[in-house]
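As a plain string of letters, each chain reads:
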Amino acid sequence: MTRFLVFIIFVFVVYYLIRNSLKGRTTKKISQQPKQKKEDVVNTPLKEISYVFYTAAKDGDTCDICMALDGKHLLPDHKMLLDIKPPHAGCKSSKGCRCRLVYVTQDEEGSREIESLLKRFGGMCDRQTIERARAI
Ligand SMILES: [Zn+2]
C-alpha cells in the first residue's frame, strides 16, 4: 500500500513538473515576439549618414560667425562637428542662433561624391571648395 502511495505521489510530481515546463515555454514564446522596427530619423545609425552641412538663416539678423560657418560640409564623425553644433554660444544675432545642421544620408543623390571629396580634404570643406571640385 505504501508503495502504491509513493508511486501516486511520484506520478503527480512528474505531472506537475511537466505542466510547469510547458507553461514556461508558452510564456517564453509570447515574450519572444519580434518587436516592430520603427523608422526613426533621429536614430538613424551614423554609418548611414553620408555627410553633414551647416546652414545659417542668411538674413539681415544673421551674425558674422554664423555666416562664416554657413555651407561648411563635414563628415559625420568629424571632431569639429561637436564644436560648431548650433545653436552656438558666440552667436550675436538679436533673434538668437537659427543655424541648423543638415544630415544627408547615403541614399541621397550625389552624397557619395561629396563624402569622398570630404575624405580627400580631411573631413571638412566649405561650400566653395565643394562647388569648385564638383565643377571640374
Ligand atoms: Zn547661428
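Computed from a predicted structure; not experimentally measured. Numbering of residues starts from 1 in every chain and runs along the sequence as written. Local features in this predicted model are restricted to residues of pLDDT 70 or higher, and side-chain atom pairs are both shown and tallied only at a pLDDT of 80 or more, whereas totals for entire chains, interfaces and linings draw on every residue.

Engineer: Mind laying out the overall build of the protein, listing which residues take part and the relevant values?
Structural biologist: Counting from the N terminus, the helices are the DSSP runs of H or I reaching at least four residues and the strands are the DSSP runs of E reaching at least two. What the protein contains, in helices and strands, is five helices and four strands. In sequence order, the protein lays out its α and β elements as α-β-α-β-α-β-α-β-α. Here a residue counts as buried when 20 or more other C-beta atoms sit within 10 Å of its C-beta, as exposed when there are 12 or fewer, and as partly exposed otherwise, the C-beta atoms being derived from the backbone. When burial is assessed residue by residue, the protein has 12% of its 136 residues classed as buried.

Engineer: Can you lay out the sheet that holds strand E4 (residues 124–125) for me, pointing to particular residues and giving the numbers?
Structural biologist: Paired strands, as defined in this entry, are two strands with at least two bridges between them according to DSSP. Judged by pairing direction, the sheet is antiparallel, and its four strands sit side by side in the order E3-E1-E2-E4 without closing on themselves. Each of the sheet's edge strands pairs with one partner strand only, and the pair in question is strand E3 (100–105) and E4. Examined bridge by bridge, strand E2 (residues 73–74) and E4 share two bridges and lie antiparallel to one another. Note on E4: the bridge partner recorded for Leu-74 is Met-124. A pair of residues counts as a contact when their C-beta atoms, built from backbone coordinates, are separated by no more than 7 Å. Inter-axis angles, ranging from 0 to 180 degrees, are taken between N-to-C directions of lines fitted to C-alpha atoms, where helices are fitted over the stretch in contact. Its contacts with the sheet put helix H4 (residues 111–120) on strand E1 (49–55), E2, E3 and E4, and the angle it makes with E1 is roughly 80°.

Engineer: Can you explain the environment of Asp-107? Please cite residues and give values.
Structural biologist: With respect to the helices and strands, Asp-107 occurs in the loop between E3 and H4. Exposure remark for Asp-107: the 9 C-beta atoms within 10 Å place this residue in the exposed category. Distance in space between the C-alpha atoms of Asp-107 and Ser-50 is 8.4 Å, their sequence separation being 57 residues.

Engineer: Give a detailed account of the nonpolar core, specifying residues and quantitative values.
Structural biologist: Residues Tyr-51, Phe-53, Cys-66, Cys-99, Ile-114 and Leu-118 are the most contacted members of the largest nonpolar core, which totals 13 residues. Only E1 and H4 provide two or more residues apiece to this core. Non-local contacts of Tyr-51, meaning those with residues more than four positions away in its chain, are made with His-73, Leu-74, Leu-75, Pro-76, Val-104, Ser-111, Ile-114, Glu-115 and Leu-118. Put simply, a nonpolar core is buried Ala, Val, Leu, Ile, Met, Phe, Trp, Tyr and Cys residues tied into one set by C-beta atoms within 7 Å.

Engineer: Pulling in residues and values, what's your account of the pairing of E1?
Structural biologist: Where burial is concerned, most of E1 is hidden: five out of the seven residues are buried. Both E1 and E3 contribute to a ladder of six bridges, which runs antiparallel. For Tyr-54, the partnering residue across the bridge sits in E3 and is Leu-101. In this structure, E1 lies alongside E2, joined through two bridges in antiparallel fashion. When the bridges of E2 are listed, Val-52 appears paired with Leu-74.

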